[in-house]
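Observations on the model geometry
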Amino acid sequence: MMASPVLAVEGLSKGYISGHQRVPVLTDLSLSVCSGKSLAVVGRSGSGKSTLLNLLCGLNGLDDGRITVAGESFVAGAGTEMRWAELRRRTIGVVFQDVNLMPALSLLDNVRLRTHLAGRAAGGERGWLERLGMGAEADRYPDQVSGGQAQRAALAMVFAMAPALILADEPTGSLDRHTADEVADCLFTVQQQTGCALVLATHDRELAFRCDHVLDLSTTG
Ligand SMILES: Nc1ncnc2c1ncn2[C@@H]1O[C@H](COP(=O)(O)OP(=O)(O)OP(=O)(O)O)[C@@H](O)[C@H]1O
């Protein structure tokens, strides 16, 4: 029996209005990612990688087509915010460049909050930070750590919520090669262990080639 995809995109189109013109960014794009599988989204700067990831978690509205995440289907039109918000709370783990850490909470409490919001059992939060090499920084506040450390804390938050789908925009973008490789190892290991689906946007060819599939937006649309 074929596994049903965690993420399915059919005929997706998106453009931005510039003056009186619509500038197309994504045109008639289709893809699917099953649980335990990973997709790298690559392409030159401006090809639409971030636009696509924002569409896949409802932070951007589609113009045409259909996006289905864990059985929830979305087409163009208003009134989908609540359903998307619920998916982002429990089902879609988002690791974007502008890391979403609460400044008034320690890194550990940020992970605890995320775990709680996702309705997961407490207890493993410090362990996730340790796995990402952040054990010593667990009690620090977001403004007391580097960009790369904040990025790793954001990954710990996503792992702790045990999502069905992880969306990561340049998840190792602000890390040196060695740390980037370690974080990528952790990302792929956790993804395999938990069987979640992963979509990551990256300029890093080494990272892209570790994924099961590669979508190059420079050659589509
Ligand atoms: N809010 C917006 N309004 C108008 N145009 C936008 C908006 N966001 C993105 N664009 C345009 O859409 C195109 C795709 O942008 P996007 O950020 O998705 O590309 P990207 O592939 O992620 O780029 P990079 O690799 O530089 O991060 C670009 O031409 C960009 O200028």
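Read on for a plain summary of the structure. Predicted model, so just to flag it, every value in this text is computed and none were measured.

1. Section: the overall build of the chain
- The helix and strand tally for the chain stands at seven helices and nine strands.
- Its C-alpha atoms give the chain a radius of gyration of 17 Å, near enough to 17 Å, the size a compact globule of 221 residues would have.
- If you line up the chain on its principal axes, its C-alpha atoms span 50 × 45 × 35 Å.
- Residue burial in the chain is summarised as follows: out of 221 residues, 39% are buried.
- When contacts within the chain are restricted to residue pairs at least 6 apart in sequence, long-range pairs at least 24 apart make up 70% of them.

2. A word on the sheet that holds strand β8 (residues 197-201)
- Taken in spatial order, the five strands of this open sheet run β6-β7-β8-β3-β9, and their pairing is parallel. Only two strands of the sheet have a single partner each, and these edge strands are β6 (92-95) and β9 (213-216). Adjacent strand axes in the sheet meet at a mean angle of 15°, parallel and antiparallel pairs treated alike.
- In this structure, β6 lies alongside strand β7 (residues 165-169), joined through four bridges in parallel fashion. When the sheet's bridge partners are listed, I92 is paired in β7 with L165.
- Docked against the sheet, helix α1 (residues 49-56) engages β3 (38-42), β7 and β8, running at close to 150° with respect to β8.

Cut-offs used in this document
- Residues numbered from 1 in each chain as written.
- Predicted model: local features only at pLDDT ≥ 70, side-chain atom pairs only at ≥ 80, totals over all residues.
- Helix = DSSP H or I, 4+ residues; strand = E, 2+ residues; numbered from the N terminus.
- Rg over C-alpha atoms; globule rule 2.2 N^0.38 Å.
- Buried ≥ 20, exposed ≤ 12 C-beta atoms within 10 Å, placed from the backbone.
- Contact = placed C-beta atoms within 7 Å.
- Pairing = 2+ DSSP bridges.
- Axes fitted to C-alpha atoms, helices over the stretch in contact; angles between N-to-C directions.

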